[in-house]
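# Fold and geometry: a report
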Amino acid sequence: MRNGQVRSDIHPGSKVAIVLKKDQRTGKLTEGIVQDILTNSARHPHGIKVRLTDGQVGRVQQIIT
């Protein structure tokens, strides 16, 4: 399982676990399918920001294979 810090590892349709803004203190993860990649840089230390197909936005913590 890869962490979500490298943009090239993440593609629309990927199954991922993200941390939502409201869950950053607790670290609670939310699973879903990537719809859009919102981070433009190639890497991000806190995880690439994505929008899931259900509309939730957060930073990728794990890529589920």
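Above this text sits the structure in question.
A brief look at the structure comes next. (Residues numbered from 1 in each chain as written. Predicted model: local features only at pLDDT ≥ 70, side-chain atom pairs only at ≥ 80, totals over all residues. Heavy atoms only, no water.)

## A short note on the side chain of Thr39
Stated formally: By the criteria applied, helices consist of DSSP H or I runs no shorter than four residues and strands consist of E runs no shorter than two, each listed in order from the N terminus. Here's how the labels work: a residue is buried when its accessible area is under 20% of the maximum for its type, exposed when over 50%, partly exposed in between, all with a 1.4 Å probe on protein chains only. The definition of a polar contact used here is a pair of N or O atoms within 3.5 Å, where within protein one atom must be able to donate a hydrogen and the other to accept one, and adjacent residues in sequence count solely through side-chain atom pairs. It only takes one pair of heavy atoms within 4.5 Å for two residues to be counted as in contact.
Relative to the helices and strands, Thr39 resides in the loop between β2 (29-37) and β3 (49-52). By relative accessible area, which is 8% here, Thr39 ends up buried. One polar contact links the side chain of Thr39 to the main-chain amide nitrogen of Lys49, over a distance of 2.7 Å. If near-sequence neighbours (up to four positions away) are discounted, Thr39 is found in contact with Arg7, His44, Ile48, Lys49 and Arg59.

## Here's the deal with the sheet that holds β2
Selection criterion: Any two strands with at least two DSSP bridges between them are considered paired. To get an axis, a line is fitted to the C-alpha atoms, and for a helix only the part in contact is used. The angle between two axes follows their N-to-C directions and goes from 0 to 180 degrees.
Pairing is antiparallel in the closed barrel, where four strands are placed in the order β1-β2-β3-β4. Along the sheet, successive strands turn relative to each other by an average axial angle of 70°, direction set aside. Here strand β1 (residues 15-20) runs beside β2; their pairing, made up of five bridges, is antiparallel. Residue pairing for β2: Lys15 is matched across the bridge by Ile33.

## Focus: the pattern of salt bridges
Rules: Any Lys or Arg side-chain nitrogen found within 4 Å of a carboxyl oxygen on Asp or Glu counts as a salt bridge.
All chains considered together, the criterion is met by three salt bridges. When the shortest N-O distance is used, the salt bridge between Lys22 and Asp23 registers 3.7 Å. For Lys22, a relative accessible area of 67% gives the class exposed. The shortest N-O distance in the salt bridge between Arg51 and Asp36 comes to 2.8 Å. Taken together, the residues Arg51 in strand β3 and Asp36 in strand β2 connect sequence positions 15 residues apart. Residue classification places Asp36 among the partly exposed positions, given a relative accessible area of 27%.

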